[in-house]
Amino acid sequence: METSSRLSRRSWFAATSCLAAGGLIAGSASASEPIAHRAAPKFKLSLAAYSYRNLLKDPNSGVTLETFIDDCAKMQLDGTELTSYYFPADPTPEYLYGLKARAFQQGLSVSGTAIGNDFGHPPGEARDKQIAMTKAWIEYAAKLGAPVIRVFAGHQKKGSSPEETHRLMVEGLNEVCQYAGQHGVFLALENHGGPTATAEGLLKIIHDVNSEWFGVNLDSGNFHSDDIYGELAQVAPYALNAQIKVVVSGSDKKKVPTDFRRVFNILKEANYRGFVVLEYEEAGDPREECQKFIEQLREAMA
């Protein structure tokens, strides 16, 4: 019996090693392949601290990341996204652990964080700063318990060709993805202007970055073509994180309400399992408006 059990375990490890080598186990494939989810779609709601940006930047508002976490709990959310822009410079471990503890005590997961990096810079001091900042935030995210960081590719610089810009961005992402994997943190590339302004441009980078710790942050409001939802459907199979804005605008630049049900159907078709994060950017008091739109997202999910 014991010998048979030993052989069974040995056979299982041999078989799974072969599968992993062939990229057949979820998580073993490179980012150029759609993410393989075995179970049915599942959505968890979160809110991006960027939604409170004016309050968080106003020292007289009385709103801090701590009160933002409390608001997320009052909205009965599953998570809270703690956007990096509202942290102190060089946050201490004590500060990061304090936010992690507050979220946990409020029954929330830290769904992720976000940084404003730019890997379009050529070699030099500016590029080195962007790489160093990203690596620092990978360490902060690990301390926060944030599983994913929303990142940008950046923008083409004067004197750099599109081909050179693509190479610089891919090289930068490859470097920081390797570091992210060492800390158990995923990096999700957002469709955010520049080379990522279209699904085609975004996926070109996704396919060229070789890391299982890399994927897409699907932003419902950042494609501006005549087929916004078609582009979202193209990138959804690669999504590690999804965020929803309350309006979209096509090539005519006219803002119209986001079709929340359509976005959720796109995520369902992609078998997405993970956080759906509201990022509110419109007028009004975000503490009131976010609550209203969270309820609309719940209805669309159902």
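Just so you know, these numbers come straight off a predicted model, no measurement behind them.

For helix α3 (residues 65-74), the tally of buried residues reaches seven of ten residues, placing the bulk of the element in the interior. Every buried residue of α3 is listed here: L65, F68, I69, D70, D71, C72 and A73. Check the buried side of α3 and you find it contacts β1 (42-47), α2 (53-57), β2 (79-81), α4 (93-105) and α10 (286-301). Downstream of α3 by a residue or two, Q76 has a phi angle that is positive, lying close to 60°.

This model, assessed by the stated rule, comprises ten aromatic pairs. Taking the centre distance of 5.1 Å and the plane angle of 50° together, the rings of F43 and F264 count as tilted. With F43 in strand β1 and F264 in helix α9 (residues 260-269), the pair connects residues that are 221 residues apart, well separated along the chain. Per residue, the accessibility class of F43 equals that of F264, and both read buried. For the cation-ring pair, K135 lies above Y179, with the distance from its terminal atom to the ring centre recorded as 5.4 Å.

Quick look at the packing of α3 against α4 now. In the contact formed by α3 and α4, the axes pass within 10 Å of each other and the chain directions differ by 20°. On the basis of the axis angle, α3 is roughly parallel to α4. Pair α3 / α4 crosses with right-handed handedness. Residues L65, E66, I69 and D70 of α3 form the contact with α4, whose participating residues are Y95, L99, R102 and A103. Its residues placed into classes, the contact of α3 with α4 shows five nonpolar, no polar and three charged.

Further remarks concern helix α8 (residues 228-235). Restricting attention to buried positions, one finds in α8 the residues I228, Y229, E231, L232 and V235. All buried residues of α8 lie within an arc of 155° about the axis, which places them on one face of the element. Tucked inside the fold, the buried residues of α8 contact α7 (199-208), β6 (214-219), β7 (239-244), β8 (247-249), β9 (255-257) and α9.

Taken together, the eight strands give an open sheet; going across it, the order is β1-β10-β7-β6-β5-β4-β3-β2, and neighbouring strands pair in parallel fashion. Since the sheet does not close on itself, it has two edges, and those belong to β1 and β2, each with one partner. Across the sheet, the axes of successive neighbouring strands diverge by a mean angle of 25°, strand direction being ignored. Alignment of strand β4 (residues 148-151) against strand β5 (residues 186-190), held across four bridges, turns out to be parallel. Looking at β5, one finds that V148 is bridged to F186. Contacts from α3 reach β1 and β2 within the one sheet, and its direction differs from that of β2 by about 145°.

The biggest cluster of nonpolar side chains holds 81 residues, and the ones touching the most others in it are L47, L82, L187 and L267. With seven residues, the top contributor of residues to this core is helix α6 (residues 162-182).

Considering every residue of the chain, the mean pLDDT works out to 90; 89% of them sit at 70 or more. Predicted confidence is poor over residues 1-29, with pLDDT under 50, and the contacts of this stretch with residues over four places away or in other chains come to eleven contacts.

Here we come to the layout of surface pockets. Space inside the second largest pocket adds up to approximately 180 Å³. Residue lining of the second largest pocket: Q156, P162, E163, T165, H166, P195, G201, K204 and I205, and that is the complete set. Contributions of two or more residues to the lining of the second largest pocket are made by α6 and α7.

What follows deals with the packing of α4 against helix α5 (residues 125-144). One can describe the packing of α4 onto α5 by two numbers: an axis separation of 8 Å at closest approach and a directional angle of 45°. Overall, the two elements α4 and α5 adopt an arrangement that is oblique. Where α4 abuts α5, its residues P93, L96, Y97, L99 and K100 lie against Y140, K143 and L144. For the contact of α4 with α5, a count of residues per class yields six nonpolar, no polar and two charged.

So, how was this worked out
Going along each chain's sequence as written, the residues are numbered from 1 onward. Thresholds applied to this predicted model are a pLDDT of at least 70 for local features of residues and 80 or more for the giving and counting of side-chain atom pairs; totals over whole chains, interfaces and linings are not thresholded and use all residues. Note that the side-chain values use all heavy atoms of the structure and ignore hydrogens as well as water. We call a residue buried when its accessible area falls under 20% of the maximum for its residue type, exposed when it is over 50%, and partly exposed in between, using a 1.4 Å probe and counting protein chains only. The helix and strand labels rest on DSSP assignments: H or I over at least four residues marks a helix, E over at least two residues marks a strand, and numbering proceeds from the N terminus. Note on definitions: a residue-residue contact is assigned when non-hydrogen atoms from the two residues lie within 4.5 Å. Note on aromatic contacts: the rings of Phe and Tyr and the six-membered ring of Trp form a pair at centre separations within 6.5 Å, being stacked when their planes are under 30 degrees apart, edge-to-face when over 60 apart, and tilted otherwise. Counted as over-ring charges are cases with an Arg CZ or a Lys NZ within 6 Å of the ring centre that also lie within 35 degrees of the ring normal. Axis definition: a line fit to C-alpha positions, over the contact stretch in the case of helices; interaxial angles, taken between N-to-C directions, run 0 to 180 degrees. Working rule for angles: under 35 degrees goes down as roughly parallel, over 145 as roughly antiparallel, 65 to 115 as roughly perpendicular, anything else as oblique. With the far helix as reference, a near helix turned anticlockwise by less than a right angle produces a left-handed crossing, and one turned clockwise produces a right-handed crossing. Residue type decides the class: Asp, Glu, Lys and Arg count as charged, Ala, Val, Leu, Ile, Met, Phe, Trp, Tyr, Cys and Pro as nonpolar, and the leftover types, Gly among them, as polar. Note that the arc is computed from the directions linking the helix axis to the C-beta atoms. By the convention used here, strands pair only if DSSP detects at least 2 bridges between them. The set of buried Ala, Val, Leu, Ile, Met, Phe, Trp, Tyr and Cys residues whose side-chain atoms join them within 4.5 Å is what this entry labels a nonpolar core. Scored between 0 and 100, pLDDT is the confidence that the predictor attaches to each residue. A pocket, in this scheme, is an open set of points on a 1 Å grid over the protein atoms alone with protein on both sides within 12 Å along at least 5 of 7 lines, while a cavity is a set where a 1.4 Å probe fits but cannot get out; residues line either one if an atom lies within 4 Å of a point. Grid points are joined across faces, edges and corners, and a volume is the space filled by probe spheres set on the points.

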